[in-house]
Amino acid sequence: MTARSLRSGEDAEDADEFDVEEALALVKEDNGAAHRAPVPPPQASGRAPERGAHHKATPWTEARATAARAARAVTRGARRAPVSVRLEDALGLTLAAPLDALTDLPSFNTSAMDGWAVAGPGPWAVRDEGVLAGHAEPAPLTDGEAARIATGARIPPDTTAVLRSEHGQTDEKGRLHATREVVHGQDIRPRGQECRSGDQLLPPGALVTPAVLGLAAAAGYDTLTALPRPRVEVLVLGDELLTEGAPRDGLIRDALGPMLPPWLRALGAEVTAVRRLGDSAAALRKAVTGSDADVIVTTGGTAAGPVDHVHPVLGRIGAELLVDGVKVRPGHPMLLARTKENQHLVGLPGNPLAAVSGLLTLAEPLLRTLAARPAPEPYTLPLRDEAHGHPYDTRLVPVVLRGDSAVPLHYNGPAMLRGIAAADALAVVPPGGARPGQEVELLDLPWASAGIGVCFT
């Protein structure tokens, strides 16, 4: 874990507990965020951003809106252009073109059940040869004739209906009799019942779920036109971090290196690299200026301690700070910067739960908007127990969902992961706290929402 209580102000901060663009416009508007002026390009100041007495943190809701707005302002270069992706690689992407049917579905009249294809009124003489799925069109039936048929097989021409296996029986002469009324067309799926060739099945902006993959395959697709995943590089900072074994000799395990990549993938990103840089300003500057990722995520070093290099490095490279501190606990010293025309940096605090707060506050809306994913519908639940708040800032508290209420969890300090590891969501607790029974907004965790986010690869 990347707590730095003896080396920076981080713990002190938290201790208080395409034509396509037009088609995707509604998706890209972030939960009511109005049209706002685009983010101006970075200004090369050559100075570290000021964080003195006049520094003012951004309110939590405004910080999230700023992150989404920053993504919308990105000039769409070749990297953000739609790509053709094979079905097996398209899960979690956003369609950049309509999914139009390439064929009628079904493409021929098919049997909906195992049984007999029958023609005219019964009883029927049963053909010796049955009809199986995957075979050419069988010979037509004549009145009074039946043929054994399997589910999905082509219906013989002039068939009146399909008689289910359990609704027919043969006599001693081999003639088929119905045990209940036969209705014309029963258990036949007619050609084009689901769609006709050229029908739009899904619009641009639809999220590619497992069901969408199945529909695309059924409609004749091998590839889909989609927006590529935002490319993310993770930079883990801190000389005190171990990558294996138990904490020892003042060193602690890096919890964020293992945690962030799958979480970022769950948010729709492609994680291109995870690099451990220690506490070197030179290494951080080289890594940031040399990165070609859409988003850089750093861990630690965002406060004002002697080895907190993120602000000075951003100042030296002329980055523009869009969010410099957020009125939220834990995670107050998080930041969002524009480092290049098409690149942003999300600076997460080093404490694990504080980093999660930064991830959901800044990285989630930024990545979601870059990927053109729809914003989740906000929802609230009453708290079963009291949730302590910060006097002035929003507080994010891990909760479990029990019936129609949310239960706050213990172990919710900025350096703790025990609470979030057991949580279903984070409760957005307003300044001053929330009493039992009070409705609070909830932020679902990807693996708890049973959505597309559970796919971590």
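What comes next is a walk through the structure. (Residues numbered from 1 in each chain as written. Predicted model: local features only at pLDDT ≥ 70, side-chain atom pairs only at ≥ 80, totals over all residues. Heavy atoms only, no water.)

1. Considerations on the overall build of the protein
Formally: Secondary structure follows DSSP: runs of H or I at least 4 residues long count as helices, runs of E at least 2 residues long count as strands, and numbering of each begins at the N terminus. Burial status follows relative accessibility: with a 1.4 Å probe on protein chains alone, a residue under 20% of its type maximum counts as buried, one over 50% as exposed, and anything between as partly exposed. Here the accessible surface of atoms and residues is derived via Shrake-Rupley with a 1.4 Å probe, and residues count as covered only by protein chains that are part of the display.
Within the protein one finds 10 helices and 28 strands. A total of 457 residues make up the protein; the buried ones form 51% of that total. Put simply, the protein shows about 20500 Å² of open surface, and 51% of that area lies on carbon and sulfur atoms.

2. A few points about the packing of helix α4 (residues 60–72) against helix α9 (residues 352–370)
The condition that has to hold: Each axis is a line fitted through C-alpha atoms, taken for helices only over the stretch in contact, and angles between the N-to-C directions span 0 to 180 degrees. Orientation labels follow simple angle bins: below 35 degrees gives roughly parallel, above 145 gives roughly antiparallel, 65 to 115 gives roughly perpendicular, and whatever is left gives oblique. Rotating anticlockwise by less than a right angle from the far helix to the near helix defines a left-handed crossing, while the corresponding clockwise rotation defines a right-handed one. Whether two residues are in contact is decided by their heavy atoms, any of which lying within 4.5 Å being enough. Basically, the charged four are Asp, Glu, Lys and Arg, the nonpolar ten are Ala, Val, Leu, Ile, Met, Phe, Trp, Tyr, Cys and Pro, and anything else, Gly included, counts as polar.
α9 packs onto α4 with a crossing angle of 30° between their chain directions and a minimal axis gap of 8 Å. Viewed along their axes, α4 and α9 adopt a mutual orientation that is roughly parallel. α9 is crossed by α4, and the crossing has right-handed handedness. Every residue of α9 that contacts α4 at Trp60, Ala63, Arg64, Ala67, Ala68, Ala70, Ala71 and Arg72 is listed here: Leu360, Thr361, Leu362, Glu364, Pro365, Leu366, Arg368, Thr369 and Leu370. When grouped by side-chain class, the residues that make up the contact of α4 with α9 number 11 nonpolar, 2 polar and 4 charged.

3. Quick look at helix α7 (residues 281–290)
Rules: By arc we mean the arc of the directions from the helix axis to the C-beta atoms, nothing more.
Turning to α7, its buried residues number three or more, namely Leu284, Ala287 and Val288. Projection of α7 onto a plane perpendicular to its axis shows the buried side chains occupying an angular sector of 95°, all on one side. Residues Ala282, Lys286 and Gly290 are exposed on α7 and point more than 90 degrees away from its buried face. Its buried side turned inward, α7 meets β15 (231–237), β18 (270–278), β19 (295–299), α8 (310–316), β22 (335–340) and β23 (343–348).

4. Describing the sheet that holds strand β8 (residues 145–149)
Put simply, the test is: When DSSP finds two or more bridges between two strands, those strands count as paired.
With respect to topology, 6 strands assemble into an open sheet ordered β9-β6-β8-β7-β11-β10, the strand pairing being mixed. On the outer flanks of this sheet lie β9 (161–164) and β10 (168–170), each paired with one strand and no other. Strand-to-strand twist in this sheet, taken as the mean axis angle between neighbours without regard to direction, amounts to 40°. Bridge count for β10 against strand β11 (residues 175–178) is 3 bridges, and the pairing is antiparallel. Bridge pairing in β11 places Thr170 opposite Leu176.

5. Observations concerning the nonpolar core
Definition in use: Only buried Ala, Val, Leu, Ile, Met, Phe, Trp, Tyr and Cys residues count toward a nonpolar core, and they belong to the same one when joined by side-chain atoms within 4.5 Å.
Within the largest apolar cluster, 49 residues are counted, with the highest numbers of intra-cluster contacts made by Trp263, Leu264, Leu336, Val346, Leu366 and Ile420. In terms of residues, this core owes the most to one element, α9, which gives 10 residues. With near-sequence residues (within four places) excluded, Trp263 lies in contact with Val356, Leu359, Leu360, Ile420, Leu445, Pro446 and Trp447. By size, the runner-up hydrophobic cluster in this structure holds 19 residues, among which are Val85, Ala101, Leu213 and Ala226.

6. Here's the deal with the sheet that holds strand β14 (residues 223–227)
Reading across from one edge, β2-β14-β3 is the order of the 3 strands in this open sheet, with antiparallel pairing throughout. Strands with a single pairing partner mark the edges of an open sheet, and in this sheet they are β2 (83–86) and β3 (94–95). Summarising the sheet, β3 and β14 pair through 2 bridges and their orientation is antiparallel. Directly across from Leu95, in β14, lies its bridge partner Ala226.

7. Concerning the pattern of salt bridges
This is how it is decided: Salt bridge, as applied in this entry: a Lys or Arg side-chain nitrogen positioned within 4 Å of an Asp or Glu carboxyl oxygen.
This model, assessed by the stated rule, comprises 12 salt bridges. The partner of Arg127 in a salt bridge is Glu145, and the shortest N-O contact between them spans 2.9 Å. Linking Arg127 in the loop between β7 (124–126) and β8 with Glu145 in strand β8, this pair joins segments that are 18 residues apart in sequence. Grouping residues by exposure puts Arg127 and Glu145 together as buried. In this structure, Asp292 and Arg231 form a salt bridge, with 3.4 Å as the shortest nitrogen-oxygen distance. Linking Asp292 in the loop between α7 and β19 with Arg231 in strand β15, this pair joins segments that are 61 residues apart in sequence. For Asp292, a relative accessible area of 48% gives the class partly exposed.

8. Thoughts on the pairing of β8
Counting buried positions along β8 gives 4 out of 5 residues, so the element sits mostly inside the fold. Of the strand pairs in this sheet, strand β6 (residues 115–118) and β8 are connected by 4 bridges, and their pairing is antiparallel. Its bridge partner being in β8, Val118 is matched across the sheet by Ala146.

9. Quick notes on the side chain of Asp104
Rule in force here: N or O atoms within 3.5 Å of each other form a polar contact, as long as, within protein, one can give a hydrogen and the other can take it, and as long as residues adjacent in sequence are counted only when both atoms are side-chain atoms.
Counting through the fold element by element, Asp104 comes out in the loop between β4 (99–100) and β5 (110–111). Residue Asp104 is classed as buried on the basis of its relative accessible area of 10%. A distance of 2.8 Å separates polar atoms of two side chains, one belonging to Asp104 and the other to Arg191. With residues up to four places along the chain from it excluded, the contact list for Asp104 reads Arg191, Gly192, Cys195, Arg196 and Ser197.

10. Observations concerning α9
The following threshold applies: Between the first and last residue of a helix there are one fewer steps than residues, each counted as 1.5 Å, and that sum is the expected span. Two axes are fitted around each residue, one to the seven residues ending there and one to the seven starting there, and the angle between them is reported as the bend at that residue.
In this model, α9 (19 residues) spans 25 Å end to end at C-alpha, consistent with the 27 Å of a helix rising 1.5 Å per residue. A bend of about 40° at Ala363 is the largest found in α9, and the proline Pro365 appears one to four places after it. Of all 19 residues in α9, 19 are buried; the element is thus mostly enclosed.

11. Points about the environment of Ala153
As for its placement among the helices and strands, Ala153 is situated in the loop between β8 and β9. On a C-alpha basis, the gap between Ala153 and Pro138 in space is 9.6 Å, while along the polypeptide they are 15 residues apart. Setting aside chain neighbours within four positions, we find Ala153 in contact with Asn109, Thr110, Ser111, Val131, Leu132 and Ala133.

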